[in-house]
Amino acid sequence: MTHRDNAGPVYSLHSVILLVALSPELLRLGAGVQLQDNGYDDLLVAINPQVPEDRNLIPNIKEMITEASFYLFNATKRRVFFRNIKILIPSTWKANNYSKVKQESYEKANILVTDWYGGHGDDPYTLQYRGCGEEGKYIHFTPNFLLNDNLTAGYGSRGRVFVHEWAHLRWGVFDEYNNDKPFYIDGQNQIKATRCSSDITGIFVCEKGLCPQENCIISKLFQEGCTFIYDSDQNATASIMFMQSLSSVVEFCNASNHNQEAPNLQNQMCSLRSAWDVITDSADFNHSLPMNGTELPPPPIFSLIQAGLKVVCLVLDVSTKMAEADRLLRLQQAAEFYLMEIVEIHTFVGIVSFNSKGEIRSQLYQINSEDDRKLLVSYLPTTVSTEAETSVCSGLKKGFEVVEKLNGKADGSVMVLVTGGEDEHVGHCLLTVLSSGSTIHSIAMGPSAAESLEELSHLTGGLKFFAPDHPNSNSVIDAFSRIPSGTGDIFQQHLQLESMGENVKPHHQLKNTVTVDNSVGNDTIFLVTWQTSGPPEIVLLDPNGRKYYTNNFITNLAFQTASLRIPGTATPGHWTYTLNNTHHSLQALKMTVTSRASSLALPPATVETFVERDSTHFPHPVMIYANVRKGFYPILNATVTATIETKTGDPVVLKLSDDGAGADIIKNDGIYSRYFFSFAESGRYNLKVHVNYLPSISTSAHSIPGSHAMHVPGYITNGNIRMNAPRKSVGRNEEKQKWGFSRVSSGGSFLVLGVPTRPHPDMFLPCKITDLEAVKVEEEVTLSWTAPGEDLDQGQATSYEIRMSKSLRNIQRDFNSAILVNTSKLNPQLAGTKERFTFSPKLFLHGPEHHPDGETQESHRVYVAIRAMDENALKSAVSNIVQASLYIPPNSAPALARDCLILKGVLTAMGLIGIICLVIVATHCTLNRRKRMEKRENGTKLL
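The rules behind the values
Residues numbered from 1 in each chain as written. Predicted model: local features only at pLDDT ≥ 70, side-chain atom pairs only at ≥ 80, totals over all residues. Heavy atoms only, no water. Buried < 20%, exposed > 50% of the residue type's maximum accessible area, 1.4 Å probe, protein only. Helix = DSSP H or I, 4+ residues; strand = E, 2+ residues; numbered from the N terminus. Salt bridge = Lys/Arg side-chain N within 4 Å of Asp/Glu carboxyl O. Disulfide = S-S within 2.5 Å. Phe/Tyr/Trp six-rings, centres within 6.5 Å; stacked < 30°, edge-to-face > 60°. Pairing = 2+ DSSP bridges. Contact = heavy atoms within 4.5 Å. Axes fitted to C-alpha atoms, helices over the stretch in contact; angles between N-to-C directions.

Engineer: So what exactly am I meant to see when it comes to helix 15 (residues 453-460) here?
Structural biologist: Counting along an α-helix, one turn takes 3.6 residues, and residues three or four places apart therefore face a common direction. A large share of helix 15 lies buried, amounting to 7 of its 8 residues. All of the buried residues along helix 15 are L453, E454, E455, L456, S457, L459 and T460.

Shown next, in the form of structure tokens:
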């Protein structure tokens, strides 16, 4: 790819001209949810094929979104509603005159309907992996939540729940409740329930019923079994992100009623901003004015679509560019593997090649047997042409011609487009591609592949891959292995367990171990590829000690591949392979291992790799994510490593983290993240992630973390407690992980533009600290946080700046004017290290503090924030703000309880004093009586 310093958009000038001319309807294709004239279009709801067919499910989905549309319209002050909704029906359900899919698939859905895969929870859930104001990945509902009307007592009506989750997904706001911290001490030293707004009323409830709050408090902590139950009748109208189930709640918390003191994710992630402030700053609201009048919008229009027979066409470049760097050979190896192992049975497959013109090599064949697969492999190109010119559009035109012969349309088909040639005319067929109804997955081989190639994938919702010319790169096979089925059925998909390649010296070996865990093992394939005419010497050792040798593998000398399919279900455990280079020169040897789920009862561990955006301009970093799960349960404590390949130079290896710091937003949510900014050059970058898990106490989370709709335990109605049915646990029995597991996933490609060719100054700040916490013990406050780096989340910062204030507004609006805490003895540690710092607030609170509004303010609390600085004095953004009490004595109860104790103490003291006085008086009287009696006795004796 040529260097373009000023390149912003990815497409060429021709592409831009054509895109401007295209109709809005065509531009919306493949682009996801669109907002036009206040209405959302193309919202996609997908039902998982494992969900049993139920005649009530689709009507309930429609009813939920219809109610949500009107509720959302009012909550956003007449700004947005839902107009057009698509519901993707599984192909496992009976056909019922549903429309056929075009570019829709399960992987692209905004709303997923599926079970927890063995869990018992029905919490509606939104996967949020980015920061405040950023879109999430999907909303999840269980079929039981959509079908069981009894659940609405705890969650509220489904439409209201949908709006709560939509705000998570679309606008990047967070929950305003906190199950881990349901109570806090406010600025007036009072115990409060974590909520927004604080106007929502309720009472404390103990295990045995109503109780005064002091009965729930021991040493400032609430006893287990105590909770806060809200009144069913409220006057408060906010907030939807707290408790959408309350009938009075019809809006989001705004600046006037937002509770900034509540220890919830909204305050932590959005720097104490209200949900409404974040929502109104979104692109949706910047382009949508409130609708005039008083009429409600029309109800949503629903389209029911269902995938038909799967149709795939391979569109393969055979121009002279494919003769360079073994590109054709690597393409043959990957395409053979795809046809023999990856593509699902009963799929129709065709093959097209192209240079300046397209050529049909194979019409559609349906795969029903091993022989069908071998026949298709025989049609793969074996040589390159003598033509240097490349015409991607000519190849795609022939591809559409092939797939249209099945039913007259290309709707729902998939094109796998592979090219290494230059082509300045890709934009000429954008209109055809957009209107085709086909999804295009593109693989760019080498540095010269057409610049606008990725735009074809972007506009049709396809994946984008890049295969550099490094001989030891396995990126082409990784790309073909990553191409999704589109059904969402993980039990039928091949999972990649291993992808390894090395340049091996003569008479040396590539040796490694791959783990086959008990959740996979069916259709397990070991694929070996090499560069020279003869295969390496292969030795494969299974967990039982059995050895497989080269002669046990099926060898294709023309494509230089050797594959072994393990019969039945592969034995769980560690499989060790050795590839000996028997050739007389250095050559690249590569191993790929894939497998399918071993049982429908046990979901396999999966990893989905992606980046925040497809392109960036220097110096903006790329955020890398790997979503590691078993079903929907996050897998914790895994070793997740990203490998980033460029056109030239050695690959960059980064360890991803799930620690809630740096690029990672939420700790222990199974999404491992990292910033990447080591840009060597402008152009395409290829991403791949390895996940390895070694047996330990905890393999996966026992609950689904993140953004849930709140389940209300009960209400107070007319002074009586009315408890709801208890929320079902989302925990599950943890399996014994004897061997651990390994997974590999291609993250596709991304584009970096404007990288300077000469050394550049330091432009990367330390990353923002987002997990600052404060704990007060006696007269001191202990802060804890995760150390940022010198550059974002890498390296080691130079110093910290900690400031505090008795005014939340002061530290929030003007950090520099807050009181500076002495941190001369605080030396930053390496990024990712847990930091702790203890100080006494009283040492720094001398006299009134300056406030922006010119006022002084008394408070029982202190607010603290921090930022890091690197050696070039570049400062990070200010952290989340934490608070700590100033004057509560240790082990004392809050104000109400303390007052009661003081009164009891006074009464007790008065009682004791009274008793002492009575004792003294009684004693004095007794002594006087004795003295008088003694005098009488003495007088008698004298007489």
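More follows now that the structure is in view.
Engineer: Quick question: what am I supposed to make of the pattern of salt bridges here?
Structural biologist: A side chain with one charge can pair with a side chain of the opposite charge if their charged atoms come near. Tallied over the full model, the rule gives 30 salt bridges. The residue E608 makes a salt bridge to K137 at a minimum N-O spacing of 3.5 Å. In this pair, E608 sits in strand 33 (residues 605-611) while K137 sits in the loop between strand 8 (125-127) and strand 9 (138-141), placing the two residues 471 residues apart along the sequence. For E608, a relative accessible area of 28% translates into the label partly exposed. Residue D469 pairs with R330 through a salt bridge whose shortest N-O separation is 3.2 Å. With D469 in the loop between strand 23 (464-467) and helix 16 (475-482) and R330 in helix 11 (residues 327-342), this pair connects stretches of sequence that are 139 residues apart. Exposure remark for R330: the relative accessible area of 5% places this residue in the buried category.

Engineer: I'm lost on the state of the cysteines in this one. Help?
Structural biologist: Among covalent bonds in proteins, the disulfide is the one between the sulfur atoms of two cysteines. Counted under the stated rule, the structure contains 3 disulfides. The residue that forms a disulfide with C132 is C270, at a sulfur-sulfur distance of 2.1 Å. Across the S-S bond linking C132 and C270, the dihedral sits near 105°, which makes this disulfide right-handed. Of this pair, C132 sits in the loop between strand 8 and strand 9 while C270 is found in the loop between helix 8 (265-269) and helix 9 (275-280), placing the two residues 138 residues apart along the sequence. Linked covalently through their sulfurs, C393 and C429 form a disulfide whose S-S length is 2.2 Å. When the S-S torsion is -75°, as for the bridge of C393 with C429, the disulfide is left-handed. Separated by 36 residues along the polypeptide, C393 in helix 13 (residues 392-407) and C429 in the loop between strand 21 (414-419) and helix 14 (430-436) bring together distant segments of the chain. Summarising the burial analysis for this pair, C393 and C429 share the class buried.

Engineer: In this structure, what is going on with the packing of aromatic side chains? I would like to understand it.
Structural biologist: Summed over all chains, the structure comprises 36 aromatic pairs. With a centroid separation of 6.0 Å and an interplanar angle of 90°, the aromatic rings of Y138 and F632 are classed as edge-to-face. Separated by 494 residues along the polypeptide, Y138 in strand 9 and F632 in the loop between strand 35 (622-630) and strand 36 (633-634) bring together distant segments of the chain. Like F632, Y138 is buried. Their ring planes at 35° and their centres at 5.5 Å tell us that F526 and W575 sit as a pair that is tilted. Residue F526 is found in strand 26 (residues 520-529), and its partner W575 is found in strand 31 (residues 573-580); the two are separated by 49 residues along the sequence. Take F526 and W575: they sit in the same class, and that class is buried. Put simply, the rings of Y40, F82, F141, F145, Y155, F162 and W166 pair up and form one aromatic cluster.

Engineer: Explanation requested: the sheet that holds strand 2 (residues 39-41) in the structure shown.
Structural biologist: Strand order in this open sheet of 3 strands is 1-2-4, and the pairing throughout is mixed. The open sheet has two free edges, formed respectively by strand 1 (34-36) and strand 4 (81-82), since each of these has just one partner strand. Pairing analysis gives 2 bridges linking strand 2 to strand 4, with the strands arranged parallel. By the bridge assignment for strand 4, Y40 is matched with F82. Contacts from helix 6 (residues 158-171) reach strand 1, strand 2 and strand 4, with the element oriented near 75° to strand 2.

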